[in-house]
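# Analysis of the macromolecular model
The chain contents come next:
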Amino acid sequence: MRPRRPDPEAQGGSPAQLPLDLPHRASLARDDLIVTEANDMAVAAVDRWPDWGHPVLLVVGPAGAGKSHLASAWAAMAGAVPPAPDVLDVAPFAVVIDDVDRGNWPESDIFAIVNAARLGGGTVLLTSRVRPSEMDVALPDLRSRLKAATIAELGAPDDALLEGVLAKLFADRQMAVDPRLVAYAAARMERSLDTANRFVACVDREALARKERISRSLLARVLRLPEFEGRVEEGDDVECGGIE
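Residues numbered from 1 in each chain as written. Predicted model: local features only at pLDDT ≥ 70, side-chain atom pairs only at ≥ 80, totals over all residues. Heavy atoms only, no water.

Before going further, it helps to examine the overall build of the protein. When helices and strands are tallied, the protein shows eight helices and four strands. Secondary structure elements in the protein, listed N-terminal to C-terminal, are α-β-α-β-α-β-α-β-α-α-α-α. Looking at the protein as a whole, 44% of its 244 residues qualify as buried. In the protein, the proportion of contacts linking residues at least 24 apart, taken out of those at least 6 apart, comes to 71%. Summed over all atoms, the accessible surface of the protein reaches about 13,000 Å², with 51% contributed by carbon and sulfur. (Helix = DSSP H or I, 4+ residues; strand = E, 2+ residues; numbered from the N terminus. Buried < 20%, exposed > 50% of the residue type's maximum accessible area, 1.4 Å probe, protein only. Contact = heavy atoms within 4.5 Å. Areas by Shrake-Rupley, 256 points an atom, 1.4 Å probe, with all protein chains shown as cover.)

This is the structure:
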């Protein structure tokens, strides 16, 4: 890991420079899943594949709980693909349907895939923010098939999960960050893995633009941005307690 260091010539309040907006994609592999009490049951359910008790698994959890990461990890494990016209031509098939509750896929296509899986043709993993009883599903047969699926619930990220994800996201960007600073940010931001991803990206841009080290004052400044609305108190911009 290569910690980013401030440019000595940039000290003393020099104006911010616009950093190159280089693309960065966090790994969604199974080995990068951080498991805590908030997600251990859902992760265990996915890990049991291909020995599932039911061929259809529905992962349910709030926005930012890590459903897409879990679905991506399973897709890599099972060789799963999104719905497609010829997906049922392969036996046994493995299909992943993310955000099934958002109406991104025709209900008739979802029904055909789920029904074929129930008849022994393959396995399906779906994700949703709500349980089947709360989904706006027009096809009664599809609703009944989804209600019959195995449900694996994800809770909102707990402290351990959020801190672990933040630490990993910083490390992915080769940013050396004191664990106490990670804990400071986690305690003051929205409990969402999507927010954590955006927060680390913003900290990275700010540190590069101003050629600053990662400090509590920098984190507090980013947390105060309208897009994060972090719980930052007066005096958090002042370094203390040996945390820089």
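Overall, the coordinates contain three aromatic pairs when judged by the stated rule. Measuring from centroid to centroid gives 5.5 Å for W52 and W74, while their planes differ by 20°, and the two rings are stacked. One end of the pair, W52, is in the loop between helix 1 (40-47) and strand 1 (56-60); the other, W74, is in helix 2 (residues 67-78), and 22 residues separate them in sequence. Take W52: its relative accessible area is 14%, and that puts it in the buried class. You can call W74 buried: its relative accessible area is 0%. Where F199 meets F228, the ring centres are 5.6 Å apart and the plane angle is 90°; that geometry is what we call edge-to-face. Of this pair, F199 sits in helix 7 (residues 193-210) while F228 sits in the segment after helix 8 (216-223), and the two are 29 residues apart along the sequence. Grouping aromatic residues by their ring pairs yields a cluster made of W49, W52 and W74. (Phe/Tyr/Trp six-rings, centres within 6.5 Å; stacked < 30°, edge-to-face > 60°.)

So, about the sheet that holds strand 4 (residues 150-153). Strand order in the open sheet made by the four strands is 2-3-1-4, with parallel pairing throughout. Edge positions in the open sheet fall to strand 2 (93-97) and strand 4, since each of these has one partner strand only. Within this sheet the neighbouring strands show an average axis-to-axis angle of 15°, counted without direction. Both strand 1 and strand 4 contribute to a ladder of four bridges, which runs parallel. Across the sheet, L57 pairs through a bridge with T150, a residue of strand 4. Strand contacts of helix 3 (residues 107-118): strand 1, strand 2 and strand 3 (122-128), with the helix running at about 135° to strand 3, the strand carrying the most contacts. (Pairing = 2+ DSSP bridges. Axes fitted to C-alpha atoms, helices over the stretch in contact; angles between N-to-C directions.)

With that out of the way, let us pick up the pairing of strand 3. Most of strand 3 is tucked away, with seven of its seven residues classed as buried. A two-sided burial pattern is seen for strand 3, the buried positions comprising G122, V124, L126 and S128 on one face and T123, L125 and T127 on the other. The pairing of strand 1 with strand 3 spans five bridges and is classified as parallel. Each residue of the ladder has a partner; that of V56, found in strand 3, is V124. Direction of pairing for strand 2 relative to strand 3: parallel, over a ladder of five bridges. What sits directly across from V95, in strand 3, is V124.

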